[in-house]
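Secondary and tertiary structure notes
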Amino acid sequence: MRFSDWIFALHLLSAFSLIAGLVLFWVLIIAGRNIDTPGDTLRLGPVARVGTATVGAGMVGTIVFGVWLAFARDSYAIWDGWIIAAIVLWIIGATVGRKTGEEYMNAPKKALELEEAGQTGPNPELLALNRTSRGVLMHAATSMVALLIIIDMIWKPGA
Amino acid sequence: MSVVATLQPSSGNLPLFVHVLGAMILVGGLVAGASALAFAKGDPRMLRLGFWSLMLVSFPGWVIMRLGAQWIYSKEGWDKVPDKFVPSWIGIGFLIADAGGLILVITLILGGIGVRRLQAGKGAGLLKAVLVLSVVLLAAYVVAVWAMAGKPG
């Protein structure tokens, strides 16, 4: 394997890490729709942290190894239209993804408040935060951007 | 050269998309399932979440990934090429995909029994085995992704 093949392998593994994290968050979003107690909400925390770590590693890995690859392979150039499109989509995805994360932090914050107040039973406000439509829409938008990046990477329009 | 000549040009972007998307869903389901099982600490809700992530996310992902792989294999004409001329990275991919699929099915059967035992209050031992198998599958699929990307041999 050439050096650039290793970079490509790391780029692809990073993409898998990123999408795996997005899939994990879909699982948590669906699981969270029936959760109305602070204990059950907070129990999802460690799993969400795995998702945050895999998405974070994926975001950093895809851009670092992707740009590296654009310079390492003669057949690619950083100013190729499909590479610029991917970078723009990556920035959009990162921005929307960060806002999605902030939206989904409201439920664990509320759960902590309730626990500190000694309220461990079902809470309708907590259920509403776990069912946030805004969060679902934003995560759908992030996932759609990720899908567009995959399509861009595979079809390489204009290459 | 005649072997190379029998291969069709790489026009298989759609099959590749299907294959990659399926593999990503498969890996995502494995990460979600393994994480839920690892952090469950005996909580039935989390253990069930782990199992159902594997069943409803990873398994469909595996099916899509495997269909995509076969589609690429036929479209690019590898099925018309003698085995000895097929590159080793394709062999690695199929080996891991098929063996991994078998392990995934075994994992799901164990998980299904484990969830039933959990409902009957008989402990979560089988679901711990499911966690171990999920981590083994994840490691195997990391190797498969590396082989598909680097194409050694």
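Our subject is the structure listed above.
Residues numbered from 1 in each chain as written. Chains lettered and ligands numbered in written order. Predicted model: local features only at pLDDT ≥ 70, side-chain atom pairs only at ≥ 80, totals over all residues. Heavy atoms only, no water.

1. Topic: the interface of chain A and chain B
By a frequent convention, interface size equals the accessible area lost on bringing the separate parts together. At the interface, 30 residues of chain A touch 29 residues of chain B. In total, about 2,600 Å² of surface goes out of reach between chain A and chain B, with carbon and sulfur atoms giving 84% of it. Three residues, A:F16, A:I154 and A:W155, lead the burial of chain A against chain B; their summed loss comes to 23% of the area buried on that side. For the interface between chain A and chain B, the tally reads two salt bridges. Run the count over chain A and chain B and you get three residue pairs in polar contact (both at pLDDT 80 or more). Mapped by element, the contributors of at least two residues to the side of chain A that touches chain B are α1 (3–32), α2 (38–43), α3 (45–72) and α7 (133–155) of chain A. Among the residues making up the side of chain A that touches chain B, the classes are represented as 25 nonpolar, two polar and three charged. (Contact = heavy atoms within 4.5 Å. Buried area = accessible area lost by both parts, 1.4 Å probe. Salt bridge = Lys/Arg side-chain N within 4 Å of Asp/Glu carboxyl O. Polar contact = N/O pair within 3.5 Å; in protein donor to acceptor, adjacent residues only side chain to side chain. Helix = DSSP H or I, 4+ residues; strand = E, 2+ residues; numbered from the N terminus. Nonpolar A, V, L, I, M, F, W, Y, C, P; charged D, E, K, R; others polar.)

2. Here's the deal with the pattern of salt bridges
In this structure the tally under the stated criterion is nine salt bridges over all chains. We note a salt bridge from A:D5 to A:R73, for which the minimum N-O separation is 3.1 Å. Pair noted here: A:D5 is in helix α1 and A:R73 is in the loop between α3 and α4 (81–104), with a separation of 68 residues, a long-range link. Per residue, the accessibility class of A:D5 equals that of A:R73, and both read buried. Across the pair A:R43 and B:D43 runs a salt bridge whose closest N-O atoms are separated by 3.5 Å. With A:R43 in helix α2 and B:D43 in the loop between α2 (13–38) and α3 (44–75), this pair bridges two chains. (Buried < 20%, exposed > 50% of the residue type's maximum accessible area, 1.4 Å probe, protein only.)

3. Digging into a nonpolar patch on the surface
Taken together, the side chains of A:M144, A:L148, A:I151, A:W155, B:L14 and B:W71 present a nonpolar region at the surface, about 550 Å² in accessible area. Counting residues per element, the nonpolar patch draws most heavily on α7(A), at four residues. Take A:L148: it is sitting in helix α7. (Patch = residues over 30% accessible without salt bridge, like charges linked within 9 Å, V, L, I, M, F, W, Y side chains within 5 Å. Areas by Shrake-Rupley, 256 points an atom, 1.4 Å probe, with all protein chains shown as cover.)

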